[in-house]
Amino acid sequence: MKSKSGIFKAVSKIFHILFLVIFYSFKMVGFLIKAFIHLLGLIKKGLEHNFRFSLTFRITIAYVFLFFTVFLLMSVGIIISFNYFIQDYPPEDYIFLLGTILLVFNLIGIIAIILIGSGVSRRLLAPIKSMTKTVQEISFNQLNRRLDVSGSKNELKDLAQTFNGMLDRIQESVEQQNRFISDASHELRTPISVIQGYANLLARWGKDDEKVLEESISALQSEAVNMNHLIEELLFLAREDSGTLKINKEDFRLCEVINEILQETNMIDSTHQFINEKNEEFTINADRKLLKEAVRIFMDNSIKYTPAGGSITLNCYRKNKKAIISVEDTGVGISKEDLLNIFTRFYRAEKSRTKEKGGTGLGLAIAKLIIDNHNGKINVWSEVNKGTIFRIELPS
Ligand code: ADP
């Protein structure tokens, strides 16, 4: 009795041990498979992070792997099936047996390749779907959205980065346009309220009071001139922004333009001394009208910002195959902080000071556009209360 229970115990122990061995072996195998898959994932991540795999390469590798696996399994299946059924068939039916097995396995193989292949393609091209969705969602009011570029390095990442770069530029330009519109509206509001004020004054007192009548008419005239000037400047900038600004280049003698400007400024301003030390004779290829406009902007500024009695020197010469035009004044000068911004649209240094001089803050922005359109350069040197030098360099 004792020995029977002893045998039973021994057998149950053996089974227990066997169960534990099988259980832990399975666990171990499962763990090893998991570890292997994890390791493969890490290698894939590391490779994708450090190397660039093109989409074509990925698709090729994925399909080579897929075909290889399917063909391997098919071959094994064909051999096993042929071996299994061979006893039931006489030798003259072997060809028929092999044909049937091949047909069945080929059909299974094709279905497997279609199913797995479409899944693989979908996975590889999934970023295109998500990119399309994001692009569809980006509207004019949502220009701050960007495509996700955190994925692996391939052509799609390049495309996403290029698209994001384009969005950066569009966003910047839209913001610039919005700023311009709001600044322009703000600038136009002032002369309109002045005109409204004087029109009201005229309506109320103008008929009886001669002094009010004269003052209002002269104020209205001057505001109309200011407004006309501002609108001309705005139109110029709008033409440049929309790409419709026409540059009509021709060959002409620059000294003639400089002489014309000197004559005109001498005629309209007798409070400053105009000096011309150099006006060399040479021909330049540029838009005569626009270039004259640019030089006039510098001259007008020198007149505006140089107290009466001061001098303004306009020179023109050639140096290192470059045409140089310099405008130098003995005026109020520009501080270092303002120098960084004077070419920005609507920027006025010390706003109160320049507004009473009728400045719009657009002159230098326009002059810079003209010079830029001629592949030229503008340099400025200035010292507060001493004067300013603007030097234009143009290819000649
Ligand atoms: P604005 O119409 O106000 O003159 P600009 O764009 O021509 O506008 O000039 C921008 C600012 O640069 C001016 O407001 C003025 O403060 C400064 N500036 C330009 N030229 C001179 C100069 N020759 N001397 C002193 N300040 C100048």
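Keep in mind the model is a prediction, meaning the values are calculated, not measured.

Trainee: Tell me about the site of the ligand, and please be specific about residues and values.
Mentor: Close contacts around the ligand come from 22 residues, with Asn-301, Ala-349, Gly-359, Gly-363 and Leu-364 the closest. Of all the elements in the fold, those that place two or more residues in the shell around the ligand are α8 (288–304) and α11 (363–373). The residue inventory of the shell around the ligand, partitioned by class, reads nine nonpolar, 10 polar and three charged.

Trainee: Run through the packing of helix α2 (residues 55–85) against helix α3 (residues 94–124), naming residues and quoting values.
Mentor: In contact at an axis separation of 9 Å, α2 and α3 are set at 155° when each is read in the N-to-C sense. Considering the angle they form, α2 stands roughly antiparallel to α3. The element α2 and its partner α3 pack so that their crossing is right-handed. The residue makeup of the contact of α2 with α3, split by class, is 20 nonpolar, four polar and one charged.

Trainee: An account of the domain arrangement of the chain is requested, with residue identities and associated values reported.
Mentor: Structurally, the chain comprises domain 1 (2–124), domain 2 (155–242) and domain 3 (250–395). Computed from C-alpha coordinates alone, the two centres of domain 1 and domain 2 are separated by 75 Å.

Trainee: Please set out the sheet that holds strand β4 (residues 311–319) residue by residue, giving values where relevant.
Mentor: Where strands meet in a sheet, backbone hydrogen bonds hold them as pairs that are either parallel or antiparallel. Read from one edge to the other, the open sheet built from five strands follows the order β2-β4-β5-β7-β6, with strand pairing classed as mixed. Strand pairing shows two members of the sheet lacking a second neighbour, β2 (273–275) and β6 (377–383), which therefore form its edges. Ignoring which end each strand starts from, the neighbouring axes of this sheet average 10° apart. Across the sheet, helix α7 (residues 254–268) touches β2, β4 and β5 (322–329), and the angle it forms with β4 is around 175°.

Trainee: I'd like a rundown of the environment of Phe-140, residues and numbers included.
Mentor: On the secondary structure map, Phe-140 appears in the loop between α4 (126–137) and α5 (155–206). Between the C-alpha atom of Phe-140 and that of Ile-170, which follows or precedes it by 30 residues, the distance is 9.8 Å.

Trainee: Account for the environment of Glu-293, naming residues and giving values.
Mentor: Mapped onto the secondary structure, Glu-293 falls in helix α8. With 15 C-beta atoms packed within 10 Å, Glu-293 lands in the partly exposed category. Taking the C-alpha atoms as reference, Glu-293 lies 42 Å from Arg-145; in sequence the two are 148 residues apart.

Trainee: An account of the nonpolar core is requested, with residue identities and associated values reported.
Mentor: What tends to happen in soluble globular proteins is that the nonpolar side chains get buried as a cluster. In this structure, Ala-294, Met-299, Ala-367 and Ile-370 are the most contacted members of the largest nonpolar core, which totals 33 residues. For this core, the elements supplying multiple residues, two or more each, are α7, β3 (283–286), α8, β4, β5, α11 and β7 (387–395). The biggest single contributor to this core is α8, with eight residues. Setting aside anything within four residues of it in sequence, one finds Ala-294 in contact with Ala-367, Ile-370 and Ile-371.

Trainee: Help me get a handle on the confidence of the model for the chain, residues and values and all.
Mentor: As a note on interpretation, predicted positions should not be read in detail where pLDDT is low. Averaged over every residue, the pLDDT of the chain is 89; the share at 70 or more is 97%. Ranking the elements of the chain by mean pLDDT puts helix α10 (residues 351–355) last, at 52, and β5 first, at 98.

Trainee: Which residues make up α11, and what are the values?
Mentor: By the criterion of burial, α11 is predominantly enclosed, with nine of the 11 residues buried. Residues Gly-363, Leu-364, Ala-365, Ile-366, Ala-367, Lys-368, Leu-369, Ile-370 and Ile-371 constitute the buried set of α11. Against the buried residues of α11 lie α6 (210–241), α8, β6 and β7. Directly after α11, the chain includes Asn-375, whose backbone phi takes a positive value near 55°.

The rules behind these values
Residues numbered from 1 in each chain as written. Predicted model: local features only at pLDDT ≥ 70, side-chain atom pairs only at ≥ 80, totals over all residues. Near = placed C-beta within 6 Å. Helix = DSSP H or I, 4+ residues; strand = E, 2+ residues; numbered from the N terminus. Nonpolar A, V, L, I, M, F, W, Y, C, P; charged D, E, K, R; others polar. Axes fitted to C-alpha atoms, helices over the stretch in contact; angles between N-to-C directions. Parallel < 35°, antiparallel > 145°, perpendicular 65-115°, else oblique. Left-handed = near helix turned anticlockwise from the far one by under 90°. Domains from an automatic or database assignment. Pairing = 2+ DSSP bridges. Contact = placed C-beta atoms within 7 Å. Buried ≥ 20, exposed ≤ 12 C-beta atoms within 10 Å, placed from the backbone. Core = buried A, V, L, I, M, F, W, Y, C linked by C-beta atoms within 7 Å. pLDDT = per-residue confidence, 0-100.

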